[in-house]
Amino acid sequence: MECVLLGSGGMMPMPGRALTSLAVRLQGRVYLFDAGEGCQVNLKKTKLGIKPLRVLAVSHLHADHCLGLPGLMMLRAQVPDAGPLTILGPPGIERFIRQVRESLDFFLDYPLTFIEWSEGHAELAYEDELVRILWGPLKHTTFCLGYRLEEHPRPGKFNPEAARALGVPPGPLWGKLQHGETVTLERGGSVSPGQVLGPPRPGRKICYGVDTRPNKTLYRLCGDVDLAFLDGMFLPEEQEEAETKGHMTAEDAARVAARAGARHAVLVHISPRYAEDDMGRFVDSAKSRFENAEIGRDLQQITLPHRPDD
Ligand SMILES: [Zn+2]
Ligand SMILES: [Zn+2]
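Below is a short write-up of the structure. (Residues numbered from 1 in each chain as written. Chains lettered and ligands numbered in written order. Predicted model: local features only at pLDDT ≥ 70, side-chain atom pairs only at ≥ 80, totals over all residues. Heavy atoms only, no water.)

### A look at the overall build of the protein chain
What the protein chain contains, in helices and strands, is eleven helices and 16 strands. Its C-alpha atoms give the protein chain a radius of gyration of 22 Å, within 12% of the compact-globule value 19 Å for 310 residues. Taken along its principal axes, the extent of the C-alpha atoms in the protein chain is 70 × 50 × 40 Å. Across the protein chain, the fraction of contacts at a sequence separation of at least 24, relative to all contacts at a separation of at least 6, is 65%. With an accessible surface of roughly 14100 Å², the protein chain has 52% of that area assigned to carbon and sulfur atoms. Counting 36 positive and 40 negative side-chain charges, the protein chain places the centres of these two groups 5 Å from one another. (Helix = DSSP H or I, 4+ residues; strand = E, 2+ residues; numbered from the N terminus. Rg over C-alpha atoms; globule rule 2.2 N^0.38 Å. Contact = heavy atoms within 4.5 Å. Areas by Shrake-Rupley, 256 points an atom, 1.4 Å probe, with all protein chains shown as cover. Lys, Arg positive; Asp, Glu negative; His and termini not counted. Charge placed at Lys NZ, Arg CZ, Asp CG, Glu CD.)

Structural data, given as structure tokens:
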């Protein structure tokens, strides 16, 4: 699993900092969280491509999180057989896209599905063969969603001694068992994966929570994740402004990550008022609350390995 931070800024795209957008790549599929103005520029600088994009999850209807959608959707229409695209988002996301399409009359040749959050919607927003995506309302100046992407659990650890004892010879049959298939032995009888595999191993988990104050949902979405991408828009001296505008300081964000049990945190949605010289202070203030916190950089790439077996 690979996370590519296409942008790490907030409010408006800046020459050195694009708007916050996170691409998660897993087995040739891309799940994208937020797409502000100019999102496709940095996407093109990566090797991700537009065709593998399966899900576009939007946090809220502020321009810096959704103005890039129409461009991305048009770009995707230029590749043959792009396949279906699912858009997750707050109430109004479908209307926003419909109105842009009506005005610009752009052509889409792939199936489009909208899943809008609504009162009483289950915590599970989306699921496919590889992952499930959970969501919940955060605390911002407008309705805003946080997301949690969870890879499905992997089969348990293979026990070669158990396989040998049951008469399964090393080779292709071991591979099948490891992939959860029951195998038939040459001498007769069969062996099921449950007989040779340990308990299922949890998949990797990521939280994406921007434009929010700390709230219960954010803690829940962030709980025990391998990696949390969190709004750390301001330095601590702007605490009051962060609270009024529905954002977090670097300290707030790092504290949430630490308390929720995230293993690693990347702070994003940095205010355009800060210059590169301020980043040292961001790092210091984040690390004062959580040692494994860092400040996101555009086009930063983080490969998430599976957790080591216990
Ligand atoms: Zn924003
Ligand atoms: Zn916002």
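### Comments concerning the sheet that holds strand 7 (residues 124–127)
Strand order in the open sheet made by the seven strands is 7-8-9-12-13-14-15, with mixed pairing throughout. Here the strands that pair on one side only, and so sit at the sheet edges, are strand 7 and strand 15 (293–295). Each neighbouring strand pair of the sheet contributes to a mean axis angle of 20°, computed without reference to strand direction. As paired strands, strand 9 (residues 145–151) and strand 12 (residues 205–209) are joined by four bridges and run antiparallel to one another. Counted as the bridge partner of Arg 148 is Cys 207 from strand 12. Each of strand 13 (227–231), strand 14 (265–268) and strand 15 touches helix 10 (residues 250–260); the most contacted strand, strand 13, lies at about 150° to it. In the packing of helix 11 (residues 279–287) onto the sheet, the strands contacted are strand 14 and strand 15, and the crossing angle to strand 15 comes to about 165°. (Pairing = 2+ DSSP bridges. Axes fitted to C-alpha atoms, helices over the stretch in contact; angles between N-to-C directions.)

### What to know about the nonpolar core
Core analysis: the biggest nonpolar cluster contains 32 residues, and Cys 207, Leu 230, Leu 267 and Phe 282 have the highest contact counts within it. Of all the elements in the fold, those that place two or more residues in this core are helix 8 (216–222), strand 13, helix 10, strand 14, helix 11 and strand 15. The element that contributes the greatest number of residues to this core is helix 10, accounting for six residues. Residues contacting Phe 282, with those up to four places away along its chain left out, are Gly 232, Met 233, Phe 234, Leu 235, Ala 250, Ile 270, Tyr 274 and Ile 295. Leu 5, Ala 57, Phe 229 and Leu 304 belong to the second-largest nonpolar core, a separate cluster that totals 30 residues. (Core = buried A, V, L, I, M, F, W, Y, C linked by side-chain atoms within 4.5 Å. Buried < 20%, exposed > 50% of the residue type's maximum accessible area, 1.4 Å probe, protein only.)

### Re helix 11
Among the residues of helix 11, Met 279, Phe 282, Ser 285 and Ala 286 are the ones counted as buried. When helix 11 is viewed along its axis, its buried side chains cluster within an angular range of 125° and face the same direction. Where helix 11 is buried, its residues meet helix 10, strand 14 and strand 15. (Arc of directions from axis to C-beta.)

### Digging into the sheet that holds strand 1 (residues 2–7)
In spatial order, the strands read 6-5-4-3-2-1-16; together these seven strands make up an open sheet with mixed pairing. Across the chains shown, the open sheet's two edge strands, defined by having one partner strand only, are strand 6 (112–116) and strand 16 (300–303). Each neighbouring strand pair of the sheet contributes to a mean axis angle of 15°, computed without reference to strand direction. As paired strands, strand 4 (residues 53–57) and strand 5 (residues 85–89) are joined by three bridges and run parallel to one another. Paired with Leu 56 across the strands is Ile 87, a residue of strand 5. Relative to strand 5, helix 3 (residues 69–77) is tilted by about 170°, and along the sheet it contacts strand 3 (29–33), strand 4, strand 5 and strand 6. Here helix 4 (residues 93–104) sits on the sheet in contact with strand 5 and strand 6, set at roughly 140° to strand 6.

### Examining the coordination of the zinc ion (ligand 1)
Looking at the metal site, the zinc ion (ligand 1) is ligated by Asp 64 (OD), His 65 (NE2), Asp 211 (OD) and His 269 (NE2), spaced 2.1 to 2.3 Å from it. Coordination at the zinc ion (ligand 1) is irregular: its four donor atoms span angles of 89 to 161° at the metal. Written as a sequence motif, the donor arrangement for the zinc ion (ligand 1) is D-H-x145-D-x57-H. The distance between the zinc ion (ligand 1) and the zinc ion (ligand 2) comes to 3.6 Å, with Asp 211 serving as a donor to both metals. Remark: His 269 occurs in the loop between strand 14 and helix 11 and His 65 occurs in helix 2 (residues 63–66); sequence separation between them is 204 residues. The residues His 65 and His 269 share a single accessibility class, namely buried. (Donors = N, O, S within 2.8 Å, 3.2 Å for Na, K, Ca; no water. Tetrahedral: all angles 85-135°; square planar, octahedral: opposite > 155°, others 65-115°.)

### Regarding the state of the cysteines
Counted under the stated rule, the structure contains zero disulfides. We note that Cys 39 lacks a disulfide partner, and the nearest cysteine sulfur, in Cys 66, lies 12 Å from it. Looking at Cys 39, the relative accessible area reads 9%, which means it is buried. For Cys 207, which is in no disulfide, the shortest distance to another cysteine sulfur is to Cys 222 and amounts to 3.9 Å. (Disulfide = S-S within 2.5 Å.)

### Digging into unusual backbone geometry
At Asp 81, a residue that is not glycine, the phi angle is positive and equals roughly 50°. By the element assignment, Asp 81 lies in the loop between helix 3 and strand 5. Take Asp 81: its relative accessible area is 68%, and that puts it in the exposed class. Notably, Leu 299 is not glycine yet its phi reads approximately 65°, a positive angle. When you line up the elements, Leu 299 lands in the loop between strand 15 and strand 16. A residue is classified by how much of its surface remains accessible, and Leu 299, at 31% relative accessible area, is partly exposed.

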